[in-house]
Each structure stands twice: as structure tokens, then as C-alpha cells.
Amino acid sequence: MRLILVGPPGAGKGTQAVHLASNFSIPHISTGDIFRFNIKGETELGLLAKSYMDKGNLVPDSVTNDMVKDRLTHPDTKNGFLLDGYPRNIEQADFLANVLKENGTPLDAVLEFSLENAEIIKRLAGRRVCRGCGATSHVEFDKPKVSGICDACGGELYQRDDDKEEVIANRLAVYAEQTAPIINYYKQAGILKTISAVGEVSDIAARAIAALK
Ligand code: AP5
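About the criteria used
- Residues numbered from 1 in each chain as written.
- Predicted model: local features only at pLDDT ≥ 70, side-chain atom pairs only at ≥ 80, totals over all residues.
- Heavy atoms only, no water.
- Helix = DSSP H or I, 4+ residues; strand = E, 2+ residues; numbered from the N terminus.
- Rg over C-alpha atoms; globule rule 2.2 N^0.38 Å.
- Buried < 20%, exposed > 50% of the residue type's maximum accessible area, 1.4 Å probe, protein only.
- Contact = heavy atoms within 4.5 Å.
- Areas by Shrake-Rupley, 256 points an atom, 1.4 Å probe, with all protein chains shown as cover.
- Lys, Arg positive; Asp, Glu negative; His and termini not counted.
- Charge placed at Lys NZ, Arg CZ, Asp CG, Glu CD.
- Near = heavy atom within 4 Å.
- Polar contact = N/O pair within 3.5 Å; in protein donor to acceptor, adjacent residues only side chain to side chain.
- Nonpolar A, V, L, I, M, F, W, Y, C, P; charged D, E, K, R; others polar.
- Pairing = 2+ DSSP bridges.
- Salt bridge = Lys/Arg side-chain N within 4 Å of Asp/Glu carboxyl O.
- Phe/Tyr/Trp six-rings, centres within 6.5 Å; stacked < 30°, edge-to-face > 60°.
- Lys NZ or Arg CZ within 6 Å of the ring centre and 35° of its normal.
- Axes fitted to C-alpha atoms, helices over the stretch in contact; angles between N-to-C directions.
- Parallel < 35°, antiparallel > 145°, perpendicular 65-115°, else oblique.

Draft legend 1. Molecular detail of the overall build of the protein chain. Each helix and strand in the protein chain was counted, giving nine helices and eight strands. Rg of the C-alpha trace for the protein chain: 16 Å, near the compact-globule value of 17 Å for 213 residues, within the 12% margin. When its C-alpha atoms are laid out on the principal axes, the protein chain stretches across 45 × 40 × 35 Å. Expressed as a percentage of its 213 residues, the buried residues of the protein chain come to 44%. Across the protein chain, contacts joining residues at least 24 apart in sequence account for 68% of those joining residues at least 6 apart. Summed over all atoms, the accessible surface of the protein chain reaches about 11000 Å², with 52% contributed by carbon and sulfur. Taking the 25 positively charged and 28 negatively charged side chains of the protein chain as two groups, their mean positions are separated by 4 Å.

Shown next as C-alpha cells:
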């Protein structure tokens, strides 16, 4: 299965990616996670990415495209992959199309998650991420057993800088202006599937798997 997840920030792509990657036995490739890993390691890429991410803007295509192209050469992508957060504009979608054409590995599906802005804001404002393993939780919808501590590894939970209210508004605007056009791009290609991202995580996962069958 070669799959892309698309949807506004906070729609639950990362949460669902964990279920889908396990169900289809494919690697979960999140460009946001790769950038955050580099920020944590204080690499050159991390420093550059941070200057864009903290404002809710896209990291330049010149950096992001080559990073994904390289990731798709790793052996774990031989039987497929799940891209989460990439592509994020028409230029990235065109770039990916060329890479996949060269590799002879066409996409099977693009799964869109739809959710109202009011719910998105609640999800983002309450999200907490583990400094240790990167697992995601929520202060209201997916509470850890001990406040501030990751259930999975015991690491410290923190709020992403781009989940602060003032940055969320720009991320939503960037999504509407730059990312939303790729939905029509993949609709025209005949591989778009859209599901509602409202409800329990397990119900949405079942909906996603049914849509991909
Ligand atoms: P990225 O990390 O990709 O962020 P995003 O797309 O904005 O998506 P999020 O991670 O915020 O949300 P999600 O949909 O994964 O939701 P989640 O499952 O966590 O990108 C960050 C930045 O990196 C970008 O702004 C950009 O600067 C840069 N970047 C990344 N890719 C790039 C690219 N291709 N090009 C250029 N720049 C790029 O869920 C959210 C919360 O809701 C969680 O707390 C979760 O517990 C909760 N939740 C999930 N499902 C439910 C549910 N069903 N009910 C209740 N709560 C739920």
C-alpha cells in the first residue's frame, strides 16, 4: 500500500497513521516528525526547519522534497509507505509524482480527513507530545494516566511551539491556501478518498481501513 494522508493540522493524521501503518505493515513517514527529530538533535536542518515551523509556515520545498526523496530510498519502503504531512502544496505533489514515476511505484490512495475548524482548535490546543518517544496525547480527549507523563515511555509531555493559539491561526490559513489545492489534484487523478475525522479514534480507524479496501 502506497498511501498519503492529507487533512488540516490537528485532524488526527498522526493518530490514525499509527493504526494504518500497523494494519498495512508499512512505515509511517511524517515530514513534521523528521523535522522535529532534527530540531531535537540541533542539526542544521533542524535549525532551518524551526525558523519556519515556529511561525506555522511551510519549510521550503528545496529542503523538504529532497528529504522525502531520500527517505523513499530506504529498504523499509519496498512494500509501500504512508506519507503523513507530505505533499503540502502542488509543487511537492508534482515532485512526488515524478519520483514515484521514476521508481515505478504509483500511489494507491490519498486519504483525506475532514474536520471543522472549531474541533481542530480544541485538538491542537490540548495536544501534548512526549519528549522521549514522540507519542501524542491530549489533556482532555486522551489523558495520560499521570498528568504530564507519557503512558508509553514515562517521558515528559510538552506542548509543541506551533500549537500555541497565535500560530494555529496561521497554520490553518497556510493549509487553506497552499495545501487544500492538492485535494482536487488527487481527486482528478481518481485516487482521493475522504472520510470524516469526527468521533472515537477506533471508529475513525475502522472507517479509514474500510475506505481503503
Ligand atoms: P506536521 O507535524 O505535519 O503538523 P500538521 O500537519 O499541522 O499536523 P499535526 O501533527 O498538527 O496534526 P495531526 O493531523 O497529525 O493530528 P494528531 O493526530 O496529532 O507539521 C508541522 C510543521 O512542519 C508544519 O507547519 C511545517 O512548518 C512543517 N512541515 C511538515 N511537513 C512539511 C512539508 N511537507 N512541507 C513543508 N513544511 C512541512 O491529533 C491532534 C490532537 O488531537 C492530539 O492531541 C490527539 O490526541 C487528538 N485526537 C486525535 N484524534 C482524535 C479524535 N478522534 N478525537 C479526539 N481527539 C483526537
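Draft legend 2. Layout of the site of the ligand. Close contacts around the ligand come from 34 residues, with Thr15, Asn57, Arg88, Arg127 and Arg171 the closest. Take Thr31: an N or O atom from its side chain is 2.7 Å from a nitrogen atom of the ligand. Arg160 places a side-chain nitrogen or oxygen 3.1 Å from an oxygen atom of the ligand. Those elements giving two or more residues to the shell around the ligand turn out to be helix H1 (13-24), helix H2 (31-40), helix H6 (117-125), strand S6 (136-138) and helix H9 (201-212). Top element by residues in the shell around the ligand is H2. It accounts for four residues. Of the residues contributing to the shell around the ligand, the split by class is twelve nonpolar, 14 polar and eight charged.

Draft legend 3. Main features of the environment of Asn103. Here Asn103 lies in helix H5 (residues 90-103). With relative accessibility at 42%, the residue Asn103 sits in the partly exposed group. A C-alpha to C-alpha distance of 39 Å links Asn103 and Ala125, two positions 22 residues apart in sequence.

Draft legend 4. The sheet that holds S6, seen in detail. Overall, antiparallel pairing links the three strands, which are arranged S6-S5-S7 in an open sheet. Each edge of the open sheet is held by one strand with a lone partner, namely S6 and strand S7 (157-158). Here strand S5 (residues 127-130) runs beside S6; their pairing, made up of three bridges, is antiparallel. Residue pairing across strands places Arg127 opposite His138, the latter belonging to S6.

Draft legend 5. Representation of the pattern of salt bridges. If you walk through the whole model with that rule in mind, you get twelve salt bridges. Salt-bridge contacts for Asp54 lead to Lys50; the nearest nitrogen and oxygen are separated by 2.7 Å. Where Arg171 meets Asp162, a salt bridge forms, and the shortest distance between an N and an O atom there is 3.8 Å. Because the salt bridges share partners, they merge into one network encompassing Arg127, Arg160, Asp162, Asp163 and Arg171.

Draft legend 6. Up close: the packing of aromatic side chains. Within the structure shown, the criterion is met by one aromatic pair. Both rings, one in Tyr185 and one in Tyr186, keep their centres 5.0 Å apart while their planes meet at 80°; by these two values the pair is edge-to-face. In this arrangement the basic side chain of Arg131 is found over the ring face of Tyr158, its NZ or CZ atom lying 4.4 Å from the centre.

Draft legend 7. Focus on the packing of H2 against helix H4 (residues 61-71). At a closest axis distance of 11 Å, the pairing of H2 and H4 adopts a crossing angle of 100°. It follows that H2 is roughly perpendicular to H4 by the angle criterion. Of H4, the residues touching H2 (which contributes Thr31, Ile34 and Phe35) are Thr64, Met67 and Val68. Partitioning the contact of H2 with H4 into residue classes produces four nonpolar, two polar and no charged.

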